[in-house]
Amino acid sequence: MKISVIGLGYLGTTHAVAMAQLGHNVIGIEPDSSRVQALKAGNLPFFEPGLEDALRQAISSGKISFQSHHDDLSAASDIHFICVGTPQISGQQSADTSYVFAAAGQLAAVLKPSSLVVGKSTVPVGTARHLITKMQEVSGFVPRLCWNPEFLREGTALADSMLPDRIVIGSDDPEYNQALKGCYQTMIDQGIPVLELDLETAELVKVSANAFLATKISFINAMAEIAEASGADAVRLAEAIGLDNRIGKSFLRTGIGFGGGCLPKDIRGFIARADELGVGDSLAFLKEVDQINLRRRQRIVWLATEELGDIKNKKITMLGISFKPDSDDLRDSPALEIALRLQALGGVVTVHDPVALENLDKKSSGLISEADLSTAVKDADLMILGTEWADYKNLDPEAVSSLPRIKTIIDGRNVLNVDSWQIAGWRIIAPGRNIVNV
Ligand code: UDX
């Protein structure tokens, strides 16, 4: 099939490459011409395991091309995917849908009536129907629109796109869905379930799934607060409740909480949308989910202060700064916020991360970037594990023992083996646990 993908951020780039891997002919559209040049040269503008190789393969097989204009789009594509971002509006809770409306407006100007428009961006419920009206004002006909949310996770984005748990399609007419199902036929043949829904339900699937995941994480982090106050162990608690099949163990990892470009802004946008719909009470609990999550960051600052006394001039090394491992994304990163709060208290904070230092340096945050792990931890008064990269999970505590001045580590992600760190002479502190250090 001939496909266009509009917006080449995380979602759009991954989707474009995934579609090329399925054998379609893909044109990627992105207004940022430097991004277009990078992608044409086979260079990903962000870190995502396996995606750059797949991009280069797609380029060399001639299945993908990139451009910054819509001019020949109508002739060149039968399905147009809208994949632009919907960031949180600065100073507000709501999602900014202006990029979606701008992309749809530009597309409507060149759209053929027979073409299918597919929204993949995460939008407030009701956006798709509003888009139909806006596009019709430009094109003069009712566009064939489907909403097809994407559930990819950073770090496993391509695999999630190629082998999703489900394909969700929302539209006003089951006939519109046929072309889209044809596009995904190879995946459908592998047994991936397809849910055909109305537009509003399809829009809601994405935000409500993210709200549920965020709630699960905040639930276990609320239990961590109870564990801290009562002497219990939230990690063992998560293990025990997670073995109940009705609960399940995924998304019950307690620690410094969730961050990234999706979960935090999606729950806030969802709260704002519920308010607009006059049902704010229905999502009042999500405000608490957000608050529990944000409190976890301050908990680490509190633990560091308890350990070091005055933070001023203390050398603190943050291991990992991206919001999750296998990503260089710093958006709403809990580790970054903790590092900045410690810096604001006068701490001298050095940051190590396998891939995110370049993005950190662009922020001019004053945090010290150090690419060499031994140098980063040398002379530290305190180490904090902020992102559970494999490099840190597999650290040999004996091997790092001679480097820092004081052997204390806060395991913000609860991934270190407490016994082996203690045997190597470390004091180990972790949120949600009451570890006895001798
Ligand atoms: C999320 C959704 O999982 C994905 O389906 C959606 O398309 C986009 O948003 P992503 O933001 O890539 O994906 O990361 P995810 O793996 O969901 O983790 C989000 C945050 O939660 C990370 O900061 C992670 O460290 C944290 N997390 C996750 C926990 O703190 N505990 C857990 O048990 C799981």
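Everything quoted here is computed from the prediction, not taken from an experiment.

Could you give an account of the environment of Tyr-184, with specific residues and numbers?
Note that Tyr-184 resides in the loop between helix 8 (174–183) and helix 9 (185–189). Distance in space between the C-alpha atoms of Tyr-184 and Ile-6 is 18 Å, their sequence separation being 178 residues. Leaving out residues up to four positions away in the same chain, Tyr-184 has contacts with His-15, Met-19, Leu-22, Phe-81, Lys-120, Asn-148 and Ile-167.

Lay out the packing of helix 10 (residues 199–230) against helix 13 (residues 284–308) in plain terms, naming residues and giving numbers.
A pair of packed helices is characterised by two quantities: the angle between their axes and the separation of those axes. Relative orientation of the contacting elements helix 10 and helix 13 amounts to 50°, with a least axis distance of 9 Å. The angle between the axes of helix 10 and helix 13 places the two elements in the oblique class. The chirality of how helix 10 crosses helix 13 is left-handed. Residues Ala-211, Ala-214, Thr-215, Ser-218, Asn-221, Ala-222, Ala-224, Glu-225 and Glu-228 of helix 10 lie in contact with helix 13, whose contacting residues are Phe-285, Leu-286, Val-289, Ile-292, Asn-293, Arg-295, Arg-296 and Arg-299. For the contact of helix 10 with helix 13, the class distribution of residues is eight nonpolar, four polar and five charged.

Go over the sheet that holds strand 4 (residues 79–82) with me, naming the residues and quoting the values.
Here we have eight strands laid out as an open sheet, ordered 3-2-1-4-5-6-7-8, and mixed in their pairing. The open sheet has two edge strands with one neighbour each: strand 3 (64–67) and strand 8 (194–197). Mean inter-strand twist for the sheet, computed between neighbouring axes without regard to direction, equals 25°. Judged from the four bridges that link them, strand 7 (residues 167–171) and strand 8 form a sheet pairing that is parallel. Counted as the bridge partner of Gly-170 is Leu-197 from strand 8. Those strands touched by helix 10 are strand 6 (144–147), strand 7 and strand 8, and its axis lies near 145° from that of strand 7.

Describe empty space enclosed by the protein, listing the residues and the values that go with them.
Per the counting criterion, the structure on display carries two cavities of 30 Å³ or more. If you trace the largest cavity, you find 16 residues lining it, with Lys-120, Pro-149, Glu-150, Pro-164 and Met-187 closest to the centre. Of all the secondary structure elements, the ones that give two or more residues to the lining of the largest cavity are helix 1 (10–21), helix 7 (157–162) and strand 7. Among the residues forming the lining of the largest cavity, the class breakdown is nine nonpolar, three polar and four charged.

Any details on the packing of aromatic side chains? Residues and values, ideally.
A complete count under the given rule lists four aromatic pairs for this structure. Each ring, one from Phe-47 and one from Trp-389, has its centre 6.4 Å from the other, and the planes form 55°; the classification is tilted. Here the residue Phe-47 occupies a position in the loop between helix 2 (33–40) and helix 3 (51–60), and Trp-389 occupies one in the loop between strand 12 (382–385) and helix 17 (390–393), the gap between them amounting to 342 residues. Under the relative-accessibility criterion, Phe-47 is labelled partly exposed at 28%. Taking NZ or CZ as reference, Arg-166 lies 3.6 Å from the ring centre of Phe-151, over its face.

What counts as what
- Residues numbered from 1 in each chain as written.
- Predicted model: local features only at pLDDT ≥ 70, side-chain atom pairs only at ≥ 80, totals over all residues.
- Heavy atoms only, no water.
- Helix = DSSP H or I, 4+ residues; strand = E, 2+ residues; numbered from the N terminus.
- Contact = heavy atoms within 4.5 Å.
- Axes fitted to C-alpha atoms, helices over the stretch in contact; angles between N-to-C directions.
- Parallel < 35°, antiparallel > 145°, perpendicular 65-115°, else oblique.
- Left-handed = near helix turned anticlockwise from the far one by under 90°.
- Nonpolar A, V, L, I, M, F, W, Y, C, P; charged D, E, K, R; others polar.
- Pairing = 2+ DSSP bridges.
- 1 Å grid on protein atoms, 1.4 Å probe; cavity = no way out; pocket = protein on both sides within 12 Å on 5 of 7 lines; lining within 4 Å.
- Points joined across faces, edges and corners; volume = space filled by probe spheres on them.
- Phe/Tyr/Trp six-rings, centres within 6.5 Å; stacked < 30°, edge-to-face > 60°.
- Buried < 20%, exposed > 50% of the residue type's maximum accessible area, 1.4 Å probe, protein only.
- Lys NZ or Arg CZ within 6 Å of the ring centre and 35° of its normal.

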